[in-house]
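# Secondary and tertiary structure notes
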Amino acid sequence: MKKIIVTGALGQIGSELIIKLRTMYGTENVLATDIKQTDSVMEGPFEVLDVTDVKKMHALTKSFGADTMMHMAALLSAKAEENPLLAWNLNMGGLMNALEVSRELEMQFFTPSSIGAFGPSTPKKGTPQDTLQRPTTMYGVNKVAGELLCDYYHKKFGLDTRSVRFPGLISHVSKPGGGTTDYAVEIYYKALETGRYTSPIAKGTYMDMMYMPDALQAITDLLEANPEKLIHRNAFNVKGMSFEPSEIAASIQKHIPSFEMSYDVNSELQSIADSWPDSIDISVACEEWGFKSIYDLDSMTIDMLENLKLKMD
Ligand code: AKB
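What counts, and at which threshold
- Residues numbered from 1 in each chain as written.
- Predicted model: local features only at pLDDT ≥ 70, side-chain atom pairs only at ≥ 80, totals over all residues.
- Axes fitted to C-alpha atoms, helices over the stretch in contact; angles between N-to-C directions.
- Helix = DSSP H or I, 4+ residues; strand = E, 2+ residues; numbered from the N terminus.
- Parallel < 35°, antiparallel > 145°, perpendicular 65-115°, else oblique.
- Left-handed = near helix turned anticlockwise from the far one by under 90°.
- Contact = placed C-beta atoms within 7 Å.
- Nonpolar A, V, L, I, M, F, W, Y, C, P; charged D, E, K, R; others polar.
- Pairing = 2+ DSSP bridges.
- Near = placed C-beta within 6 Å.
- pLDDT = per-residue confidence, 0-100.
- Buried ≥ 20, exposed ≤ 12 C-beta atoms within 10 Å, placed from the backbone.
- Arc of directions from axis to C-beta.
- Core = buried A, V, L, I, M, F, W, Y, C linked by C-beta atoms within 7 Å.

## So, the packing of helix H2 (residues 54-64) against helix H4 (residues 84-104)
Between H2 and H4, whose axes approach to 10 Å, the crossing angle comes to 40°. Here H4 runs oblique to H2, going by the angle between their axes. Here the hand of the crossing between H2 and H4 comes out right-handed. Contact residues: Val54, Met57, His58 and Thr61 in H2; Asn97, Ala98, Glu100, Val101 and Glu104 in H4. Its residues assigned to classes, the contact of H2 with H4 shows four nonpolar, three polar and two charged.

## What about the sheet that holds strand S9 (residues 164-166)?
Spatial ordering of the open sheet is given by S6-S9-S13, a layout of three strands whose pairing is parallel. With one partner strand each, in any of the chains shown, strand S6 (113-114) and strand S13 (236-237) form the two edges of the open sheet. Sheet topology note: the S6/S9 ladder contains two bridges and is parallel. Across the sheet, the residue bridging to Ser114 is Phe166, located in S9.

## A closer look at the site of the ligand
Residues in close proximity to the ligand include Leu76, Ser77, Ser114, Ile115, Gly116, Phe166, Pro167, Gly168, Pro176, Gly179, Thr180 and Thr181, which together make up its full environment. Of the residues assigned to the shell around the ligand, the class counts are five nonpolar, seven polar and no charged.

## A look at the confidence of the model for the chain
The predicted coordinates ought not to be read in detail in places where the model reports low pLDDT. This prediction gives the chain a mean pLDDT of 97; 99% of its residues lie at or above 70. The ipTM for the predicted assembly is 0.98, set against a pTM of 0.97.

## Looking at unusual backbone geometry
At Glu106, a position not held by glycine, the phi torsion is positive, near 50°. Looking at the element boundaries, Glu106 is found in the loop between H4 and strand S5 (108-110).

## A look at the environment of Ile294
Position of Ile294 relative to the elements: it lies in the loop between helix H10 (283-289) and helix H11 (297-312). The exposure class assigned to Ile294 is exposed, which follows from the 11 C-beta atoms found within 10 Å. When the C-alpha atoms of Ile294 and Leu216 are compared, they prove to be 12 Å apart, with 78 residues separating the residues in sequence.

## Quick word on H2
Among the residues making up H2, those that are buried are Met57, Leu60 and Thr61. Buried residues along H2 cover an arc of 95° about the axis, so they all sit on one side. What points out from H2, more than 90 degrees from its buried face, is the exposed set Lys55 and Ser63. Tucked into the core, H2 has its buried residues touching strand S1 (4-7), strand S2 (30-34), strand S3 (46-48), strand S4 (68-71) and H4. Two residues or fewer after H2 comes Gly65, characterised by a positive phi angle close to 75°.

## Here's the deal with the nonpolar core
The biggest cluster of nonpolar side chains holds 86 residues, and the ones touching the most others in it are Val6, Met69, Ile170, Ile187, Ala215 and Val238. Setting aside its immediate chain neighbours within four residues, Ala215 contacts Ile13, Phe166, Leu169 and Met210.

## Notes on the sheet that holds strand S10 (residues 168-170)
With respect to topology, three strands assemble into an open sheet ordered S10-S12-S14, the strand pairing being mixed. At either end of the open sheet lies a strand with only one pairing partner, and these are S10 and strand S14 (241-243). The mean inter-strand angle of the sheet, taken between neighbouring strand axes irrespective of direction, is 40°. Here strand S12 (residues 207-211) pairs with S14 via three bridges, running antiparallel. Opposite Asp208, over in S14, you have Ser242 as the bridge partner. In this fold helix H7 (residues 212-224) packs onto S10 and S12, with an angle of close to 85° to the strand it touches most, S12.

Following this line, the structure appears as structure tokens:
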């Protein structure tokens, strides 16, 4: 049975990942940590941890007896552009600390990368697993450096590093904060609350996306994958779908015909979105560890609207 420490456990992925990990491995075997104090919604072990505090990270990990580190704490793309120095310190400092603690305590290691690790010179369509990565955002610089560090720690120290490049993640449980793909979550809330949405991303801007249940399944499948089959130790391309704003609006209109969408393009977000791929190729993840996703745009829309309605009633 694994004993897992999770950083950033109150974030968009962390808050749902904790529940899945506790179901799989037992509540007492998963230590949730976050820089914020929990409002007690989370049942099970919880500790406040600032990931830039390596001494506390080491002490908590050791005393819990963790054999797996899931490092989820990070600033997302739009927030990182607002404060690049903070992003560097938090994203890189936190990652180095988590890698070092994992090396010292000989743990398995998981951290997410992102489609943000690609840039304008990356092939936009069918973006290969191994390709040009020259991102033009601080978040992207952090993610590429993080991928290289995962490779380095694996080759140099034999650390069991595993990672995926997540696209925009969509969930009815927890809202994202500070990402470029956040519009694809907000649109569902607004469709139900007001029947209209103003998109900050321009019509025709394709980005990869994924529904949270598929993202969580990908994480735990990769965690359990046979290490001998894993050739890539930096991060695997994964996704559920690729769409642009008018396509998600059309999917919502199938259930709320009166739903209206307009555009008020946010130039900061748009320039980040324009630097990312339209649609990545996931075949290497399928080959090396059997990655699969279940939800497409329309099945995700049905599930999102049903669950958000229940939440709002
Ligand atoms: C963001 O928009 O910053 C994230 C991501 C794709 O990494 N959702």
